[in-house]
Amino acid sequence: MTPQRRAIVAEVMRTQGHISPTALARRVQGDMPGVNASTIYRTLALLEEVGVLAHAHLESGAEYHKAEEAGHVHLTCSNCGAEDDLSIEEAKALVRVIERHHGFQPDLTHFAISGLCSDCLAAAS
Ligand SMILES: [Zn+2]
Ligand SMILES: [Zn+2]
Ligand SMILES: [Zn+2]
């Protein structure tokens with residue numbers, strides 16, 4: 001492993017919660033100005049391949065989680081960008097409704113569900 005890769009992996013391990021590739025690139029490049037963005041993206045993809053990270057698609061783009069923290073459904077407000085999480089437990093009823101439709105098994109953790117948060121809804125009415 002190159003020192004650049006090691007710096008990227010260390011930064012990933014230090015990050016709590018969502019790991020935005022662009023924010024990660026900014027922090028790594030702050031410590032190590034020579035690291036180019038494609039090395040960072042490749043390293044993230046590699047960490048996903050070996051099962052350390054998992055990605056999800058949010059309103060703002062793809063983000064990574066530590067694989068063991070990825071088990072939740074994202075709710076994203078398409079008006080203000082607020083994010084909330086639904087636990088797998090809470091999403092079970094929804095999964096069952098979808099499964100009943102031709103036995104399709106949804107992975108609700110992969111794409112965010114967009115809509116309006118309660119604040120935006122209150123402001124709109
Ligand atoms: Zn998340
Ligand atoms: Zn994806
Ligand atoms: Zn909102």
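Since the structure is predicted, the reported quantities are computational estimates derived from the model, not experimental observations.

Asker: Would you mind going over the side chain of T39 with me for this structure?
Answerer: As for its position among the elements, T39 is in helix α3 (residues 37-49). Residue classification places T39 among the buried residues on the basis of a relative accessible area of 11%.

Asker: Is there a simple way to explain the coordination of the zinc ion (ligand 1) in this structure?
Answerer: Within the first shell, the zinc ion (ligand 1) binds the protein through H18 (NE2), H65 (NE2), H72 (NE2) and H74 (NE2), at distances of 1.9 to 2.0 Å. Seen from the zinc ion (ligand 1), its four donor atoms lie at angles of 90 to 147°, and the figure they make is irregular. For the zinc ion (ligand 1), the single-chain donor residues occur in sequence as H-x46-H-x6-H-x1-H. Residue H65 shares its accessibility class with H72, and that shared class is buried.

Asker: Before we go on, may I ask you to explain helix α2 (residues 21-31) in this structure?
Answerer: Residues lying three or four places apart along an α-helix face the same way, a consequence of the helix completing one turn every 3.6 residues. P21, A23, L24, A25 and V28 are the residues of α2 that are buried. Check the buried side of α2 and you find it contacts α1 (3-14), α3 and β2 (61-66).

Asker: Any chance you could explain the coordination of the zinc ion (ligand 3) here in plain terms?
Answerer: Ideal geometry at a metal centre: 109.5 degrees between donors when four sit tetrahedrally, and 90 or 180 degrees when six sit octahedrally. Looking at the metal site, the zinc ion (ligand 3) is ligated by C77 (SG), C80 (SG), C117 (SG) and C120 (SG), spaced 2.3 Å from it. With four donor atoms in place around the zinc ion (ligand 3) and angles of 104 to 113° between them, the coordination shape is tetrahedral. Here the donor residues of the zinc ion (ligand 3) are spaced in sequence according to C-x2-C-x36-C-x2-C. Of this pair, C77 sits in strand β3 (residues 72-77) while C120 sits in helix α5 (residues 118-124), placing them 43 residues apart in sequence.

The rules behind the values
Residues numbered from 1 in each chain as written. Chains lettered and ligands numbered in written order. Predicted model: local features only at pLDDT ≥ 70, side-chain atom pairs only at ≥ 80, totals over all residues. Heavy atoms only, no water. Helix = DSSP H or I, 4+ residues; strand = E, 2+ residues; numbered from the N terminus. Buried < 20%, exposed > 50% of the residue type's maximum accessible area, 1.4 Å probe, protein only. Donors = N, O, S within 2.8 Å, 3.2 Å for Na, K, Ca; no water. Tetrahedral: all angles 85-135°; square planar, octahedral: opposite > 155°, others 65-115°. Contact = heavy atoms within 4.5 Å.

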